[in-house]
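# Topology and contacts: notes
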Amino acid sequence: MTESVSRMATATLASSQSPLDTSVRLVTPERITFLYPLAGPFHRACSYLIDFAVIAAFLIAGSIASVAFSVMGEWSLGLMFVIWFIVYFFYGGFCEALFNGRTVGKLALGLRVVSTEGVPITGAQAVLRNLLWAFDGVWPFAYLPAIVCMVLTKRFQRLGDLAAGTMVIVERRPIGAKVVRPDNKLADRVLPLLPASPPAGPELSRALSDYVKCRKRFAAGRTEELGEHLARPFRKRYDLPREFTADAILCALYRRIYLGD
Amino acid sequence: MRVVDRLAQREAAWRELDQHLTAFRSERVAGTASERVVRMAELYRSACADLMLAESYDLPRETVAYLHDLVARAHNRLYRSRGFRFRTWAAEVFHAVPRRLRSDPTLLIAALVFWGCFLVSGAMAMSRPDFGKDLLGAEMIDQMEEMYSSPLESRDRNDAMMAGFYVFHNAGIGIQCFVWGLSFGLGTLYLLASNGLQLGTVFGHMYTTPHWGRFSSFVTAHSAFELTAIVFAGAAGLRLGWGLIDHQGQTRLASLQREAKNALPTIGASVCLFVLAAFLEGFVSASNLPYGVKAGIAITSALLLVAYLALGGRTFGRANATRED
């Protein structure tokens, strides 16, 4: 019976092992595998708009400054062109090399450029991927090369990213690591009937934690329908009366395993 | 051990790491107290260990997601980009680029396309007076003639502004030349040919006009640097395109990455040449220095370029040693 429970849970794990997801798996020098959420075209378009505004502000400020300085001598107009050149072609490259893969727009949206191996980008990679933006975002095609390329690649890379071997990831600020406490009055009555340490492997534990996380979103009838599959073996095994709903049994199991009630 | 207990035990460490990361706003390690960096690294490693053991600890999925995000953030703070080092870039430009260009057929192709178009259109414009007007349009030719009809000295001069403008405009063309290599080199070839045709036509046409003296006095000084810079940029672009075509047994993507890495220093050298040319163009070409001085500058810069291409990156000590053997 326990076998049937654990086999059921293994099946769910197997299907969720490589999820069809927008994240990328990385191994750090500490031999840790962790997941990076990737930044999609919409995230990146927003950050580009912010960067565009910053570049425009730089260009306008540079122009105003050079016109203001031009009373001192007309050399400052030459300076304006040099500033235009540097800002237009090298703004992104310099920012990403100096601020560890971030421009102003990426900082605002919490994005970061890293190399496809997950290590920080080098200065050359930063300059290269930003120079190639001149092809990706070329006006006559209205950013089509970049968009098409991002849609076609697994890591949402544009041509510049492909050539430089980089990708853009989302860096989230995690909210907290609290364990949820399910509220089910019936579960208090199920708890004394359960053994001190129910035989639950990691798969079953994870299935329980997933269930508890999602149960609030379903109507009562639906939680019964979903939970009954997992609850039935336990109901048989511990001789639990029918009056305990599947939801109550699963909540009680969850509390025993995770919270030690 | 129950999950809550374990969480209670570990959560303080995670929270501390989170606080360190938030306080680490400045994005720079330099200037942070060293004990703090050490403590952060310690906390990071322990969070890594927790993540690794998450499965056997039976941690709920939200906690694992939390740990993934925490470890990712810490990883990005601790492992940083190396930024720019002037020395490595200078070594690339003076050492690696000439060596690569010497053995690179794309330099020859770029030079042939650019100079071929330049010479052919120049000859055509010299032999057929209407050629220039047909190719570039009558207004542009009239404008050019108008520009050089008066002596250089009498022009309203703003050297610095023009130098800046030349940097913006010409180096911009060079970068376009490189970037369009991504279209399997076709865009680069087009840009090289069209620029060669335009310049050649202007040269050829001006030769047939009485303003040739002034025109040549203007273009001589900076021509060596500028015309070489665009050939370098073309070579870099063609290398990029060739990487897409001949993948040498790698995947096409890996091949593109390899050639992009190789071509980047070349475009850096090209931009440097464009900047040099722009300053010569702004401050020397437009000045009323005698033609001899300008020609001297042109010859010197051409010799420098030849020396750069022929000798740059060679290690003479080793070369002598092998000859003695």
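Residues numbered from 1 in each chain as written. Chains lettered and ligands numbered in written order. Predicted model: local features only at pLDDT ≥ 70, side-chain atom pairs only at ≥ 80, totals over all residues. Heavy atoms only, no water.

## A word on the interface of chain A and chain B
Note: interface size is frequently given as the accessible area lost on complex formation between the parts. Listed per partner, the contact involves 70 residues of chain A and 65 residues of chain B. Between chain A and chain B, roughly 6,000 Å² of surface is buried when both sides are summed, and carbon and sulfur atoms account for 66% of that area. Put simply, chain A and chain B have five residue pairs in polar contact (both at pLDDT 80 or more) between them. The element that contributes the greatest number of residues to the side of chain A that touches chain B is helix 3 (residues 75-98) of chain A, accounting for 14 residues. For the side of chain A that touches chain B, the per-class residue count stands at 43 nonpolar, 13 polar and 14 charged. (Contact = heavy atoms within 4.5 Å. Buried area = accessible area lost by both parts, 1.4 Å probe. Polar contact = N/O pair within 3.5 Å; in protein donor to acceptor, adjacent residues only side chain to side chain. Helix = DSSP H or I, 4+ residues; strand = E, 2+ residues; numbered from the N terminus. Nonpolar A, V, L, I, M, F, W, Y, C, P; charged D, E, K, R; others polar.)

## Focus: the packing of aromatic side chains
Residues and elements named next belong to chain B. Enumeration over the complete set of coordinates arrives at 27 aromatic pairs over all chains. With a centroid separation of 6.4 Å and an interplanar angle of 90 degrees, the aromatic rings of Phe94 and Tyr308 are classed as edge-to-face. Remark: Tyr308 occurs in helix 13 (residues 291-311) and Phe94 occurs in helix 5 (residues 86-102); sequence separation between them is 214 residues. A connected cluster of aromatic rings, assembled from ring pairs, spans Phe114, Trp115, Phe118, Phe203, Tyr207, Trp212 and Phe215. (Phe/Tyr/Trp six-rings, centres within 6.5 Å; stacked < 30°, edge-to-face > 60°.)

## Comments concerning a nonpolar patch on the surface
A cluster of nonpolar side chains, contributed by Phe141, Leu144, Ile147, Val148, Val151 and Leu152 of chain A, occupies part of the molecular surface with about 590 Å² of accessible area. Tracing the sequence through the fold places Val151 of chain A in helix 7 (residues 144-152). (Patch = residues over 30% accessible without salt bridge, like charges linked within 9 Å, V, L, I, M, F, W, Y side chains within 5 Å. Areas by Shrake-Rupley, 256 points an atom, 1.4 Å probe, with all protein chains shown as cover. Salt bridge = Lys/Arg side-chain N within 4 Å of Asp/Glu carboxyl O.)

## Concerning the confidence of the model for chain B
Residue and element names in this part refer to chain B. In the predicted model, chain B carries a mean pLDDT of 82, and the fraction of residues at 70 or more is 90%. Mean pLDDT per element in chain B: helix 14 (residues 316-324) is the minimum at 50, and helix 6 (residues 105-127) is the maximum at 91. Note on residues 319-325: pLDDT under 50 across the span, and zero contacts to partners over four residues away in sequence or across chains. Among the scores for the predicted complex, ipTM is 0.80 and pTM is 0.77. (pLDDT = per-residue confidence, 0-100.)

## Quick notes on the side chain of Asp247 of chain A
All names here are of chain A. Inspection of the secondary structure puts Asp247 in helix 12 (residues 246-259). What makes Asp247 buried here is its relative accessible area of 9%. Discounting residues that sit within four places of it in the chain, Asp247 has contacts with Asn184, Tyr211, Arg215 and Glu224. (Buried < 20%, exposed > 50% of the residue type's maximum accessible area, 1.4 Å probe, protein only.)

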